[in-house]
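Now for the letters of each chain:
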Amino acid sequence: MEARKVVYLRKKKVLVQGTADSLQKFFSNAVSYNYETVAILSEDRIAIELDEKDLDVFTPQALPKLIYGLVDGVVLTCAKDSLVKYFFRQGLEPRKIFLWNAEEGWGNLTLPHKDGTQVVYFCGLEFHIRNEDDLKFFNEIFWRLQSQWQVKNLSPQLYPVLLEERFQQRTGRLLDLNNPQTLTEKIQWLKIFDATPIKSRLADKYAVRSWIAEKIGDEYLIPLLGVWEDFDDIDFNDLPNQFVLKCNHGWNMNIIVRDKKTFDKRNAREKINAWLAVDFGAQNLELHYSRIKSKIIAEKFMTNTGEPDIIDYKFWCFNGHVEYVQLDRARSTNHVQRFYSVDWKPLSFIIASHKLDDKISEKPPQLEKMLNIAQSLSAGFSIVRVDLYCVKDRIYFGEMTFTPLAGNFSYNSESINEYLGSLLKLPDASAPPRL
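The present account deals with the structure reproduced in this document.

1. As for the overall build of the protein chain
Counting its regular elements, the protein chain contains 11 helices and 20 strands. Judged by the C-alpha coordinates and their principal axes, the protein chain covers about 75 × 55 × 40 Å. Evaluated residue by residue, the protein chain yields a buried proportion of 54% over its 435 residues. Intrachain contacts of the protein chain at a sequence separation of at least 6 include 59% that bridge at least 24 residues. When the accessible surface of the protein chain is totalled, it reaches about 20,600 Å², and 48% of it is carbon and sulfur.

Printed below as a string of C-alpha cells:
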C-alpha cells in the first residue's frame, strides 16, 4: 500500500467552507494565516480579502473535483454531518477534513474502525484510541494544538502578560518579570527575554551534534542511525533490532525500541506525526524552541549493565560553572532521582514532583571528565543543564536544556529555589522572537 504523508496545519493549501458569518469569523482569526487558502466554498455571497487580494468564492458543486486531490485539506467552519458526508463523496479522506468553529477552535472527527476501536482525526492527524494511554495522549496533543494557535495569534508584547498569568495560576504567587528573584522566576524571564538563535541551534537535538563535534569531538556523540522529515520515509529494515526514535525540536518526545519484532509501528507513527505538528516553544513560551525545524532522528540504543534504562547525569551549570549534578535512573520502570554536589555528596533537596532515589549511587569513575565537559559546554550561558551519559566508562553527550522543565517546577524547600536564584546572573534582555 502506498505510504501516506502526514498533513500539518502549517503553510498548507486548503479550501475553506462555511456561511458568510462563519467565514468572516475564521478569517478574522490570525490562525487562518497559517494556510494558503486556495478557494472559499460557500453558498452565500461573500467577499473575503486576504493579503490584499480578493479570494474567489465557489459553491461546492461548481468546484472542479480534481481540486480535492491537489489540496492538503478542507476547513469546515460550520460542520454538519451532511457536509462531512458530501466531502467524503468527493473522495476526501477523513484526515483531510479539518473542523473549526469560533467558540471552541479546532474540532475533531471520530469514526469507528473495523477492529472496534475509535479513530479520531484532528488537524490532519490520525489517532487510534484503544486504551486509556491512547486517550491520554490524544487529549494532550488536542490541548497543545488548541492552545498553540491561540498563543501564535498574540503580539510578542503580550508574552510577559501571559507568562505572569500562567505563573500565578500554577503557583498562586505573583511573578514580577522586572525583578525575578528565585531560580524558577528567572527561568520564566529567560524564556522570552533570552531566546537567542544559538540556544535554538543547541536545543535542536540534530543541529547540536555538529556544534558538539566542533567543541569537544564527535567521539562523544551517540551514533546517529538516520534523520528524516517524514515518518513514512523511514526504512525500518535498515535499522538494528534496538534503537531510539526521537523528535529534535523539544523534550520528552522519544520512543525506545527494545525489540523490532514487537515494535508497534502504527502507534509510533501516530505519536511522531503528532509531535512533529506541535510547535514545542508555544506550549510554555520557551521561544527558542520555535525556531527549530522539526525532524525525526534515530540513534543507537544505549544501556548500562544491570539497569533497565541508561543512567542520566544532568549537570546544572550557572554562569559557566557546574553547581550540582542530577542523577536519574529507571525511567521506564520506577523513575527516581537524586542530586549530588560536584564532589559527589548527596544533597537534601529534590524537585517536588519527582521520587527520591533511596539508593546513594557510587561516584562515576569519569565524574571529573564529565564535569570538565559540562563546564566547557556551558561557557557563555547564564544557565544550561548539560546531560551526559557514561556507558562502560565512555562518556556520551545527551542534550542541552536552557529552560529546564520550562521553570514549571518547585523544590521541596523554597529556600533552595531562592538560593539557586541568587547564583543566577541574568544577561541583558533581547527582544522576544514571534512564535
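2. Focus on the packing of aromatic side chains
Counted under the stated rule, the structure contains 29 aromatic pairs. Measuring from ring centre to ring centre gives 5.5 Å for Phe349 and Tyr411, while their planes differ by 90 degrees; the resulting arrangement is edge-to-face. Of this pair, Phe349 sits in the loop between strand E18 (336-340) and helix H10 (367-378) while Tyr411 sits in the loop between strand E20 (394-401) and helix H11 (414-423), and the two are 62 residues apart along the sequence. Per residue, the accessibility class of Phe349 equals that of Tyr411, and both read buried. Members of the aromatic cluster, joined through ring pairs, are Trp316, Phe318, Tyr324, Phe339, Phe349, Phe409 and Tyr411. Lying across the ring of Phe137, Lys271 places its NZ or CZ 5.7 Å from the centre.

3. Details of the packing of helix H3 (residues 132-152) against helix H8 (residues 265-277)
Two elements in contact, H3 and H8, have axes separated by 10 Å at closest approach and are oriented at 15 degrees. When the axes of H3 and H8 are compared, the pair comes out roughly parallel. Both H3 and H8 take part in a crossing whose hand is left-handed. Between H3 and H8, the contacting residues are Asp134, Phe137, Ile141, Leu145 and Gln148 on the first element and Asn267, Glu270, Lys271, Ala274, Trp275 and Ala277 on the second. Partitioning the contact of H3 with H8 into residue classes produces 6 nonpolar, 2 polar and 3 charged.

4. A look at unusual backbone geometry
Backbone geometry places Trp344, a non-glycine residue, at a positive phi of 65 degrees. The exposure class assigned to Trp344 is buried, which follows from its relative accessible area of 9%. Positive phi is not limited to glycine here, since Lys392 has a value of about 50 degrees. Inspection of the secondary structure puts Lys392 in the loop between strand E19 (383-391) and E20.

5. Here's the deal with helix H7 (residues 208-215)
The set of residues buried in H7 consists of Val208, Arg209, Trp211 and Ile212. Down the axis of H7, the smallest arc covering the buried residues is 160 degrees, so these residues share one side. In this structure, the buried side of H7 is in contact with helix H6 (197-203), strand E12 (224-228), strand E15 (296-300), H10 and E20. Phi for Gly217, located one or two positions after H7, is positive at around 115 degrees.

6. What to know about the nonpolar core
In this structure, Trp106, Phe127, Ile141, Leu245 and Ile272 are the most contacted members of the largest nonpolar core, which totals 50 residues. Looking at this core, the element that brings in the most residues is H8, giving 6 residues. When near neighbours in sequence (up to four residues on either side) are disregarded, Leu245 contacts Trp228, Phe231, Ile234, Phe236, Met253, Asn254, Ile255, Phe263, Ile272, Ile296, Ile297 and Ala298.

7. With respect to the environment of His354
Structurally, the position occupied by His354 is in the loop between E18 and H10. With sequence-adjacent residues up to four places away left out, His354 is seen in contact with His335, Gln337 and Leu405. A distance of 3.2 Å separates a polar atom in the side chain of His354 from a polar atom in the side chain of Ser353.

8. Observations concerning the sheet that holds strand E2 (residues 35-41)
The 6 strands are arranged E5-E2-E1-E6-E7-E8 in an open sheet whose pairing can be described as mixed. What marks the edges here is a single partner per strand, and that holds for strand E5 (57-58) and strand E8 (105-107). Strand direction decides the pairing type here: strand E6 (residues 73-76) and strand E7 (residues 97-101), joined by 3 bridges, are parallel. Bridging across to E7, Val75 finds its partner in Phe98.

9. What about the side chain of Asp312?
Considering the arrangement of structural elements, one finds Asp312 in strand E16 (residues 312-318). Overall, Asp312 belongs to the buried group, its relative accessible area being 6%. A distance of 3.0 Å separates polar atoms of two side chains, one belonging to Asp312 and the other to Lys314. Residues contacting Asp312, with those up to four places away along its chain left out, are Gln326, Leu327, Asp328, Arg331, Asp387, Leu388 and Tyr389.

10. Topic: the packing of helix H4 (residues 159-171) against helix H5 (residues 183-193)
Where H4 contacts H5, the axes come no closer than 11 Å and their chain directions differ by 155 degrees. On the basis of their axis angle, the class for H4 and H5 is roughly antiparallel. Remark: the crossing between H4 and H5 carries right-handed chirality. Contacts between H4 and H5 involve Tyr159, Pro160, Leu163, Phe167 and Arg170 on the former and, on the latter, Glu185, Gln188, Lys191, Ile192 and Phe193. Considered class by class, the residues forming the contact of H4 with H5 number 6 nonpolar, 1 polar and 3 charged.

Conventions and cut-offs
- Numbers given to residues run from 1 along each chain, matching the order in which its sequence is written.
- Local features are withheld for residues below a pLDDT of 70 in this predicted model, meaning they are given only at 70 or higher, and side-chain atom pairs are given and counted only at 80 or more; totals for whole chains, interfaces and linings count all residues.
- The side-chain quantities take in all heavy atoms of the structure and omit both hydrogens and water.
- The helix count covers DSSP runs of H or I at least four residues long, the strand count covers runs of E at least two residues long, and both are numbered beginning at the N terminus.
- Exposure categories follow from relative accessible area, calculated using a 1.4 Å probe and restricted to protein chains: below 20% of the type maximum is buried, above 50% is exposed, and the middle band is partly exposed.
- Two residues form a contact once any of their heavy atoms are found within 4.5 Å.
- For the accessible areas, the method is Shrake-Rupley and the probe is 1.4 Å, while residue cover comes only from the protein chains on display.
- A pair of aromatic rings is counted whenever rings of Phe, Tyr or Trp (Trp by its six-membered ring) have centres within 6.5 Å, and the orientation is called stacked for planes under 30 degrees apart, edge-to-face for over 60 and tilted otherwise.
- For a Lys NZ or an Arg CZ to count as sitting over a ring, it must be within 6 Å of the ring centre and within 35 degrees of the ring normal.
- Interaxial angle, 0 to 180 degrees, is taken between N-to-C directions of lines fitted to C-alpha atoms, where a helix line uses only the stretch in contact.
- Roughly parallel means an angle under 35 degrees; roughly antiparallel means over 145; roughly perpendicular covers 65 to 115; every other angle is labelled oblique.
- For any helix crossing, the convention is left-handed if the near helix is rotated counterclockwise from the far helix by under a right angle, and right-handed if that rotation is clockwise.
- As a working rule, the residues Ala, Val, Leu, Ile, Met, Phe, Trp, Tyr, Cys and Pro are called nonpolar, Asp, Glu, Lys and Arg charged, and the rest polar, with Gly in that last group.
- As used here, the arc is the angular range of directions from the helix axis to the C-beta atoms.
- The criterion is simple. A nonpolar core is a set of buried Ala, Val, Leu, Ile, Met, Phe, Trp, Tyr and Cys residues joined through side-chain atoms within 4.5 Å.
- Here a polar contact means two N or O atoms within 3.5 Å. Within protein one must be a hydrogen donor candidate and the other an acceptor candidate, and residues neighboring in sequence count only if both atoms are side-chain atoms.
- Two strands qualify as a pair provided DSSP detects at least 2 bridges between them.

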